[in-house]
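Coordinates in review
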Amino acid sequence: MTEFPTGLLFDEAMRLTAEVAAAHRLDIEHPALPRCHGRVLAGDVVAPLSLPPFDNSAMDGFALRHEDLRGDETELRLVGEQFAGVALELALGAGECARITTGAPLPAGADTVAIKENVRVDGTRVFVPAAKRGHHVRYAGEDVGAGETVLRDGQALTPARVSLAASLGLPSLPVRRKPTVAVFTSGDELVEPGMPLRPGQIYDSNRELLMGLLRADGLEPTAWPRLPDDPKQVEIALRDAACAFDLVFTCGAVSAGEKDHIPAVLGRFGRIHLWKVKMRPGMPLLLASMDQARFLGLPGNPVSVLATYLSFGRALIDGLQGRAEPRAKLRARVVGGIEKSHPRREFVRARLRSDEDGVLWADPNPATASHRLRAAADSDALMVVPEGPQQLAQGAVVEVWPYALA
């Protein structure tokens, strides 16, 4: 294997991950709007029209000319009606009004709407209370002006953003292609759930953990057969995946043990970008490239898989798709305090709760070992404890990463 960075600080490893992802950004495609949800926009969107496109009523009621109102109540003459969906080219003269529905264009001359509930009607005589000019009117362009940039390159397409594009009449959007993803777990000790266990064997929990995390982030991963502790079979499987996928996740076999063959294979047939990060859990993390694929080798302990996916896995996926918006980060106060003596950045499983004053609290789980999966199941976030020895008192403020992080 050629030289590559190893034993990096967390922030430096994240910087290198972003550089690798940016250098291998995925192609742009133009799917129909219903298939844009959750994607990353690949270009600015300029409004082709104004929103609203015309002055219209915000309520069901009566359109009128504000200059006709006198005192607490004014009698007007009903001369027509205007419903949403059709512009009837009505025009109001002095002392006239028209029945109107929500969203309907204002008749010419009208500048105010009196809501139905506040008006008395006697045939063609309409008695309207005093109102402010422009009351219950939605003006053309007050939300979006034609030619205005409304969506930005690199934004994640939330339902509200896709809806905005639909309101502008756009049938499709430019987005980055979603990465194709392969998932490998490794180790002769792993057994599929439901099968009998022999002495020394354990059930494969990492596959369900990683596949679930990827699906929750909108991807469609493919689970490959478990990698055995055989270097030739590891080589064959990884080289096959490297030709067929954009992104390959492996779990286990990335440390320095006699059965940890993945680093040697990637170093021989590809390029290792970084190996080993000063974090806990998750130190043996490996980032590499081979053929068309980026490889992220995660450690084998399940909590290490969780921590490295939520940090480096998401960063790599976002970078490949050109996501420019940082994911939401929360800050919370620590329940009970934390004491840490080692120098690495630590990710502690915690349960979040908000008190009656709106303060977010993170209650750390006492189980800290990286194999303690129940502690991860009992928690809903990772609490970030910075590098260096730390003594965080009750109520100290820390960064927290919810498992479901938008």
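Everything below is about the structure shown above.
Residues numbered from 1 in each chain as written. Predicted model: local features only at pLDDT ≥ 70, side-chain atom pairs only at ≥ 80, totals over all residues. Heavy atoms only, no water.

1. Focus: the overall build of the protein chain
The condition is simple: In DSSP terms, a helix is any run of H or I states spanning at least four residues, a strand is any run of E spanning at least two, and both are numbered starting from the N terminus. C-alpha atoms define the radius of gyration in this analysis, and the globule rule sets the expected value at 2.2 Å times the number of residues to the power 0.38. With a 1.4 Å probe rolled over the protein chains alone, any residue whose accessible area is under 20% of its type maximum counts as buried; one over 50% counts as exposed, and the rest are partly exposed. Two residues form a contact once any of their heavy atoms are found within 4.5 Å. Only the protein chains shown count as covering a residue, and every accessible area follows the Shrake-Rupley method with a 1.4 Å probe. For the charge count, each Lys or Arg is scored as positive and each Asp or Glu as negative, with His and the chain ends excluded. Where a charge sits is defined by one atom per residue type, namely NZ (Lys), CZ (Arg), CG (Asp) or CD (Glu).
Scanning the protein chain for helices and strands turns up 7 helices and 29 strands. Rg of the C-alpha trace for the protein chain: 30 Å, well past the compact-globule value of 22 Å for 406 residues, more than 25% over. When the backbone C-alpha atoms are referred to their principal axes, the protein chain occupies close to 95 × 50 × 40 Å. When the 406 residues of the protein chain are sorted by exposure, 49% land in the buried category. Partitioning the intrachain contacts of the protein chain with sequence separation of at least 6 by distance along the chain shows that 71% fall at a separation of at least 24. Only carbon and sulfur atoms are counted for the fraction: they give 51% of the accessible area of the protein chain, which is about 19,500 Å². Measuring between centres, the 46 positive side-chain charges of the protein chain sit 4 Å from its 51 negative side-chain charges.

2. Some points on the pairing of strand β6 (residues 73-82)
Here is the rule: Any two strands with at least two DSSP bridges between them are considered paired.
For β6 and strand β10 (residues 125-129), the ladder comprises 5 bridges, and the chain directions are antiparallel. Counterpart to Glu-73 in the pairing with β10 is Pro-129. As defined by bridge partners, β6 adjoins strand β7 (residues 96-100) across 4 bridges and the pair is classed as parallel. Its bridge partner lying in β7, Glu-81 is registered against Arg-99.

3. A look at the packing of helix α4 (residues 231-244) against helix α5 (residues 262-269)
For clarity, the cut-off: With axes taken as lines fitted to C-alpha atoms, and helix axes fitted only over the stretch in contact, angles between N-to-C directions fall between 0 and 180 degrees. Should an angle fall under 35 degrees it is taken as roughly parallel, and over 145 as roughly antiparallel, whereas 65 to 115 is taken as roughly perpendicular and any remaining angle as oblique. Here a crossing is taken to be left-handed if its near helix is turned anticlockwise relative to the far helix by less than a right angle, and right-handed if that turn runs clockwise. Any residue outside Ala, Val, Leu, Ile, Met, Phe, Trp, Tyr, Cys, Pro, Asp, Glu, Lys and Arg is labelled polar, Gly included; the first ten of those are nonpolar and the last four are charged.
Viewed as axis vectors pointing N to C, α4 and α5 meet at an angle of 55°, and their least axial separation amounts to 10 Å. Here α4 is positioned oblique relative to α5, judged by the angle of their axes. At the point where α4 passes α5, the crossing takes the right-handed sense. Only Ile-262, Val-265, Arg-268 and Phe-269 of α5 make contact with α4, whose side of the interface consists of Pro-231, Val-234, Glu-235, Leu-238 and Arg-239. Of the residues assigned to the contact of α4 with α5, the class counts are 6 nonpolar, no polar and 3 charged.

4. Considerations on the sheet that holds strand β9 (residues 120-122)
Each strand in a sheet pairs with its neighbour through backbone hydrogen bonds, running either in the same direction (parallel) or in the opposite one (antiparallel). With mixed pairing, 6 strands are arranged side by side in an open sheet as β8-β5-β7-β6-β10-β9. Either end of the sheet is taken by a strand with one partner, and the two such strands are β8 (112-115) and β9. For this sheet, the mean inter-axis angle between neighbouring strands, taken without regard to orientation, is 40°. The pairing of β9 with β10 spans 3 bridges and is classified as antiparallel. Note on β10: the bridge partner recorded for Asp-122 is Arg-125.

5. Structural notes on the sheet that holds strand β1 (residues 6-8)
If you walk across this open sheet you meet the 7 strands as β1-β19-β21-β22-β18-β14-β17, and the pairing is mixed. With partners counted over all chains shown, the strands left at the sheet margins are β1 and β17 (222-223), one partner each. As paired elements, strand β21 (residues 286-290) and strand β22 (residues 293-298) share 5 bridges and run antiparallel to each other. Bridged to Leu-286 within β22 is Gly-297. Along the sheet face, helix α3 (residues 206-216) touches β14 (181-185), β17, β18 (247-251) and β22 and points at about 160° away from the line of β14.

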